[in-house]
Amino acid sequence: MQMIHRVFLAAALIAAPNFAFAGNHELAREPHGIDTPVPEAAAAPAPSKKITIYTAKTIVTQDPGTPTAQAVAVMDGKILGVGTLDEVKGWVTDEDVKIDRQFQDAVIVPGFIEAHMHPQITGVLWLGVYVGRFDRTSPEGTLVKGLETKEAVLERLKEAAAKMPADGKWLVAWGYQPEFYADSPLTRDDLDPISNGHPMLIENLSMHIYYANSKAFEIAGIGDSTEIVGIVKKDGKPTGEIEEITAALAFAEKLPPLDAKTMLKATWGAAELAHRVGVTTFADLSFGTIPGGYKAYQTVAADPNFPVRTVMNPVIQVFQKPEIVAKGGLDALTEWHKFDTDRLSFGGVKFVVDGSIQGYTGLIQWPHYYKTFANGVANISQEDLNKWVLEVHKRGFQAVIHTNGNEATEMALTALSEAERQDPQLATRHRLEHNQFVSQSQLLKMKELGVATNLFTNHIYYWGDLHYSTFVGPDRAEDMDPAGSAERLGIPYSMHSDASVTPVDPLFCMWTASARKTMSGRVLGEAERITVPQALHAVTLGAAYLLGQDDKKGSIVAGKLADFTVLDRNPLDVTSPDELKDIKVLGTVMGGKAFPAGPLSGDPGSADKAP
């Protein structure tokens, strides 16, 4: 249950009704726990005979037969044909037709697909105070500057506390990254003088560590004599640092739950972030961890103004919940799939084997972490992983397995090999998520098993220098996130943001995979670079393959869903991967409907601008 608790805690800490966050909302409470989906048939839209023809300077199709075009005809949310304007006009007989030239000076590519993020968690976190190292843009479009020093973090927290009324509400913040401040955690001594009488709780960006002031410890009932694993102490007194789930739950149990209105606002917030960077499909890789999450997704999927399709990857713990066990456990997923639509569907089953490298909880084979020889933690035993992966596999479902370190990768491959041995299956498309330090021998084993991967190449930029100097050492850092090797071996792959850990942005993922530059400008693992065309394939057709939806999306081909991303220039025309970061997203088309850049008209929070 560790994954459930960790992700739910991250959300609950921010969105609780007696916490301070942007906007005043009267919140109807819902119970704590794991979300229990209740699928129901969605009303099918009436078929439309109307044809819309979008024109563009260039359309990059990702179809080898017609790699580029100038026009695409759309009817009933799907692609009729692609080619020149005269060619696609051939579809017009008696049908109503509109030639839409709003993108005629732009470039259209297949809709970007973000195959691994946490949309609702990300939206919820943005309702709190951001105290991370890197610049971020909020769902409302506000630039929130990253904080270069611990002192700057404390100043932002002090200002936030000073603005709050003296009503005893919690001040909650997220994104603290001590690895950039000489590994200096936040302590009670740091937080007490600036709290203005409020209990304070701050989340580490890794979601494995938290920090609290004395008022929060008092409310949680934790004192000098309290013995809870994970309460960090010095000279017999809690310092304010809270490590891992047992200790963190002592605080979470004092918090009120999430509510439907907050979940809806969070889901729209995630859509604002995704639409801004051209995403037309995102996958929720922590689905089931927040009660009310499914209801919110159902609501937005029925709204024609919501611009993103959602694929829900339920965590394995959902199927261990008593009420789901009573409905057949994993067999319930077969029933849920019957209610899939093009806008909202279920994907593979999520497992979490280890933690994060930068949080020192990733599992790395000997010699483990650089210089210290320490190692991380397993969130699941090999025995349980084997058992549950087999249960997923034999039903023909996809296993989606989080592995950061190569020891975790080995555990996943052991489980997948055993499942295949016991019950041979074709085309299950099992995949490893993050998979940052997979070895060459493990890549060969993945190839043999038909296992795909979703690499976290953004780590190269954000943490690459620290991987090189501190976490794993120079040689292993050069090998991390080996997209080049995956390409050479023919292993299906994509890249992702893991938002909220890094900002959702497929163009940025394309850059990190093709340039492999760290924050300092060091090229980390030049041999593992991929080309820009390969990177574009990875965030479109490659990501669609990982989701098992490449028959419906990922390329601009007749019969597929009419999902496009509109850019101000052609990414295939860049002379250097560095130019990818300068390409602007002008809008998207989802299901044939255009969503130009800018705030979304259906967002209930669009008028509620965060401070």
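If you're wondering where the values come from, they're calculated on a predicted model, not measured in any experiment.

Basis of the calculations
- Residues numbered from 1 in each chain as written.
- Predicted model: local features only at pLDDT ≥ 70, side-chain atom pairs only at ≥ 80, totals over all residues.
- Heavy atoms only, no water.
- Pairing = 2+ DSSP bridges.
- Helix = DSSP H or I, 4+ residues; strand = E, 2+ residues; numbered from the N terminus.
- Contact = heavy atoms within 4.5 Å.
- Axes fitted to C-alpha atoms, helices over the stretch in contact; angles between N-to-C directions.
- Expected span 1.5 Å × (residues − 1).
- Buried < 20%, exposed > 50% of the residue type's maximum accessible area, 1.4 Å probe, protein only.
- Phe/Tyr/Trp six-rings, centres within 6.5 Å; stacked < 30°, edge-to-face > 60°.
- Lys NZ or Arg CZ within 6 Å of the ring centre and 35° of its normal.
- Core = buried A, V, L, I, M, F, W, Y, C linked by side-chain atoms within 4.5 Å.
- Polar contact = N/O pair within 3.5 Å; in protein donor to acceptor, adjacent residues only side chain to side chain.
- Arc of directions from axis to C-beta.
- Salt bridge = Lys/Arg side-chain N within 4 Å of Asp/Glu carboxyl O.
- pLDDT = per-residue confidence, 0-100.

Draft legend 1. Summary view of the sheet that holds strand β14 (residues 237-243). In spatial order, the strands read β7-β10-β11-β12-β14-β13; together these 6 strands make up an open sheet with mixed pairing. Both outer strands of the open sheet, β7 (129-130) and β13 (231-234), are each paired with one neighbouring strand and no more. Both strand β12 (residues 209-212) and β14 contribute to a ladder of 3 bridges, which runs antiparallel. Each residue of the ladder has a partner; that of Tyr-211, found in β14, is Glu-241. Relative to the sheet, helix α4 (residues 150-163) contacts β7, β10 (171-176) and β11 (200-204), its axis offset from that of β10 by approximately 155°.

Draft legend 2. Broad picture of helix α8 (residues 260-276). With 17 residues, α8 ought to run about 24 Å at 1.5 Å a step, and its terminal C-alpha atoms sit 25 Å apart, in line with that. Among the 17 residues of α8, 13 are classified as buried, and the element is accordingly described as predominantly covered. Following α8 by one or two positions, Gly-278 has its phi on the positive side, about 90°.

Draft legend 3. Broad picture of the sheet that holds strand β22 (residues 493-495). Taken together, the 5 strands give an open sheet; going across it, the order is β18-β19-β20-β21-β22, and neighbouring strands pair in parallel fashion. Looking at strand neighbours, the two that pair on one side only are β18 (349-352) and β22, the edges of this open sheet. Recorded for the sheet is a direction-independent mean angle of 20° between the axes of neighbouring strands. Relative to strand β21 (residues 452-455), strand β20 (residues 431-434) is paired through 4 bridges, and the arrangement is parallel. The residue bridging Leu-432 from the neighbouring strand is Thr-453, located in β21.

Draft legend 4. Highlighting the packing of aromatic side chains. Overall, the coordinates contain 25 aromatic pairs when judged by the stated rule. Look at Tyr-461 and Trp-511: their rings are 5.7 Å apart centre to centre, the planes differ by 65°, and that puts the pair in the edge-to-face class. In this pair, Tyr-461 sits in helix α15 (residues 458-471) while Trp-511 sits in helix α18 (residues 506-515), placing the two residues 50 residues apart along the sequence. Taking the relative accessible area as the measure of exposure, Tyr-461 reaches 23% and is therefore partly exposed. Ring pairs connect the aromatic residues Phe-134, Phe-180, Tyr-461, Tyr-462, Trp-463, Phe-508 and Trp-511, which therefore count as one cluster. Between Arg-188 and the ring centre of Phe-217, over which it is positioned, the NZ or CZ distance is 5.7 Å. Sitting over the face of the ring of Tyr-468, Arg-522 holds its NZ or CZ atom 3.7 Å from the ring centroid.

Draft legend 5. Region of the structure containing the nonpolar core. Core analysis: the biggest nonpolar cluster contains 113 residues, and Phe-282, Phe-319, Phe-351, Ile-401 and Met-495 have the highest contact counts within it. Beyond its immediate sequence surroundings of up to four residues, Ile-401 is in contact with Phe-351, Val-353, Val-389, Ala-412, Leu-416, Arg-431, Leu-432 and Glu-433. The next biggest cluster of nonpolar side chains, apart from the first, holds 19 residues, and it includes Val-153, Leu-154, Ala-160 and Leu-191.

Draft legend 6. Local environment of the side chain of Asn-404. Relative to the helices and strands, Asn-404 resides in the loop between β19 (399-403) and α13 (406-422). On the basis of relative accessibility, which here comes to 5%, the residue Asn-404 falls in the buried class. Among the polar contacts listed, one links the side chain of Asn-404 to the side chain of Gln-436, at a separation of 2.8 Å. In contact with Asn-404, other than residues within four places in its own chain, are Asp-354, Gly-355, Ser-356, Ile-357, His-434, Asn-435, Gln-436 and Phe-437.

Draft legend 7. Region of the structure containing α4. The end-to-end C-alpha distance of α4 is 20 Å, a good match for the 20 Å that 14 residues give at a rise of 1.5 Å each. Listed as buried for α4 are Lys-150, Val-153, Leu-154, Leu-157, Ala-160 and Ala-161. Angularly, the buried residues of α4 cover 125° about the axis, an arc narrow enough to put them on a single face. Of the residues in α4, the exposed ones pointing more than 90 degrees away from the buried face are Glu-151, Ala-162 and Lys-163. On its buried face, α4 is in contact with β7, β10, α5 (188-191) and β11.

Draft legend 8. A look at the pattern of salt bridges. With the rule as written, the count across this model stands at 21 salt bridges. The partner of Lys-517 in a salt bridge is Asp-578, with the nearest N and O atoms 2.7 Å apart. Here Lys-517 is found in the loop between α18 and α19 (532-546), whereas its partner Asp-578 is found in the loop between β23 (564-567) and β24 (585-590), with 61 residues between them in sequence. Using a relative accessible area of 26% as the deciding quantity, one classes Asp-578 as partly exposed. Salt bridges sharing partners connect three or more residues here, namely Asp-331, Glu-391, Lys-394 and Arg-395.

Draft legend 9. Just the confidence of the model for the protein, in detail. In the predicted model, the protein carries a mean pLDDT of 91, and 92% of its residues have values of at least 70. Scored below 50 in pLDDT, residues 1-8 makes 33 contacts in the model with residues more than four places away or belonging to other chains. Contacts for the low-pLDDT stretch residues 607-611, under 50 throughout, to residues beyond four places or in other chains number 8 contacts.

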